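What follows is each chain in one-letter form.
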Amino acid sequence: MIIVMQKNATPEAVANVVRLIRAKGLHEHVSQGEERTIIGAVGDERVFLPHELESLPEVERAIRVLHDWRIISRETQYEDGVIRVRGVDFGGDKVLNIANGAQHQAGSDAVYIDPFFVPTSPYALADAASEKEQEKRMRAQLETAHAAGKPVLVRIRDVRQIPAALSAEADILYLGGELMSNRALQDEVGRLNTPLVLCKDKHHLFNDWLVAAEHIALKGNHHIILGEAGTLSFEPDHQYRLDVDAIARVRQLSYLPVLANISLLWHNGMPQEVLRKLAVAAGANAVVSSLPPADLR
């Protein structure tokens, strides 16, 4: 059950709702916004009738929830969410162009970097940069982008890389699809107040994606951007294709912004400028591409 309080509801009214939730044997999750407080009643909501809660002082409405995602749902917040980072709105009216690496950052709205990438081939591992070199390279890329006034999305591949990324002043943590089932990492980023991108992997469905985002939100971090970087393709030479259906579906069900990373995708042989238009048509609020922004208009 989701309980939406009236604008600027008093702490006493919130406490009154919490007492009733606990009296019914459930526990609460309280989300404080700038104007509204949203309270989730976690447990078997069948013990409640909506009018029981709506009759309490300063309660605007109570909503039964049929899905496993509640905090991030459109029922909780109908309006699109906006996350502002260094003056750039993720989720606003403008579709953001995000450069993949520093080479194309001129004209972009933000920069995506992957400093902790490790080759999959065991023969390439010998030439891979050491951890110290990776961190040094990351700091240099962040300084360059920040000097240009651009927010930077830093991809992390292990929970141990979070302190280094935050120490280097990463603006947004980018969790690749391989981490979407890593609950320990999600617990860790859920305790932060740092924006993050949560990507699904090629075998995940849209509901897996939303449940993972809900898990992070339950820990307290609501600065979440859903990331689409490809779903399973049946082409042997191209493992990933753009999942336009999943983008459209989560935009209907959740208020969270959506980012599409098309830099390594293939979709029926479409060039990236066409892929971008496809992602935007499905509802993506931001697009990561390996092409200069001028080529994507």
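Residues numbered from 1 in each chain as written. Predicted model: local features only at pLDDT ≥ 70, side-chain atom pairs only at ≥ 80, totals over all residues. Heavy atoms only, no water.

J.: For this particular structure, what's the right way to read the overall build of the chain?
T.: Summing up its helical and strand segments, the chain has 8 helices and 16 strands in all. Its C-alpha atoms give the chain a radius of gyration of 21 Å, near enough to 19 Å, the size a compact globule of 297 residues would have. The principal-axis extents of the C-alpha atoms in the chain amount to approximately 65 × 40 × 35 Å. In the chain, which comprises 297 residues, the proportion classed as buried is 49%. (Helix = DSSP H or I, 4+ residues; strand = E, 2+ residues; numbered from the N terminus. Rg over C-alpha atoms; globule rule 2.2 N^0.38 Å. Buried < 20%, exposed > 50% of the residue type's maximum accessible area, 1.4 Å probe, protein only.)

J.: So what exactly am I meant to see when it comes to the packing of aromatic side chains here?
T.: Centre-to-centre distance and the angle between the planes together describe a pair of aromatic rings. For the coordinates displayed, the defined rule picks out 2 aromatic pairs. On the basis of an interplanar angle of 70° and a centroid distance of 6.4 Å, the ring pair of Trp-69 and Phe-206 is categorised as edge-to-face. Of this pair, Trp-69 sits in the loop between β4 (59-63) and β5 (83-85) while Phe-206 sits in helix α6 (residues 206-218), placing them 137 residues apart in sequence. The class for Trp-69 is buried, based on a relative accessible area of 5%. Here the basic side chain of Lys-200 rests over the ring of Trp-209, its NZ or CZ set 5.7 Å away from the ring centre. (Phe/Tyr/Trp six-rings, centres within 6.5 Å; stacked < 30°, edge-to-face > 60°. Lys NZ or Arg CZ within 6 Å of the ring centre and 35° of its normal.)

J.: I would appreciate a short explanation of helix α8 (residues 272-282) in the present structure.
T.: Since one α-helical turn is 3.6 residues long, residues separated by three or four positions face the same way. For α8, the full list of buried residues reads Gln-272, Leu-275, Arg-276, Ala-279 and Ala-282. Around the axis of α8, the buried residues are gathered within 125° of arc, so they sit on the same side. Exposed residues lying more than 90 degrees from the buried face of α8 are Lys-277 and Ala-281. Buried positions along α8 lie against β7 (96-100), α7 (244-253), β15 (258-261) and β16 (286-289). At the C-terminal side of α8, Gly-283 shows a positive phi close to 125°. (Arc of directions from axis to C-beta. Contact = heavy atoms within 4.5 Å.)

J.: For this particular structure, what's the right way to read the sheet that holds strand β2 (residues 27-32)?
T.: The strands making up a sheet are joined through hydrogen bonds of the backbone, oriented either antiparallel or parallel. Pairing in this open sheet of 4 strands is antiparallel, and the strands run β2-β3-β1-β4 from one edge to the other. Across the chains shown, the open sheet's two edge strands, defined by having one partner strand only, are β2 and β4. This sheet shows a mean twist of 20° between the axes of neighbouring strands, independent of strand direction. Sheet topology places strand β1 (residues 2-5) next to β4; 4 bridges connect them, and they run antiparallel. Across the sheet, Ile-2 pairs through a bridge with Ile-63, a residue of β4. Packed on one face of the sheet, helix α1 (residues 11-23) meets β1, β2, β3 (37-42) and β4 and runs near 155° to β2. (Pairing = 2+ DSSP bridges. Axes fitted to C-alpha atoms, helices over the stretch in contact; angles between N-to-C directions.)

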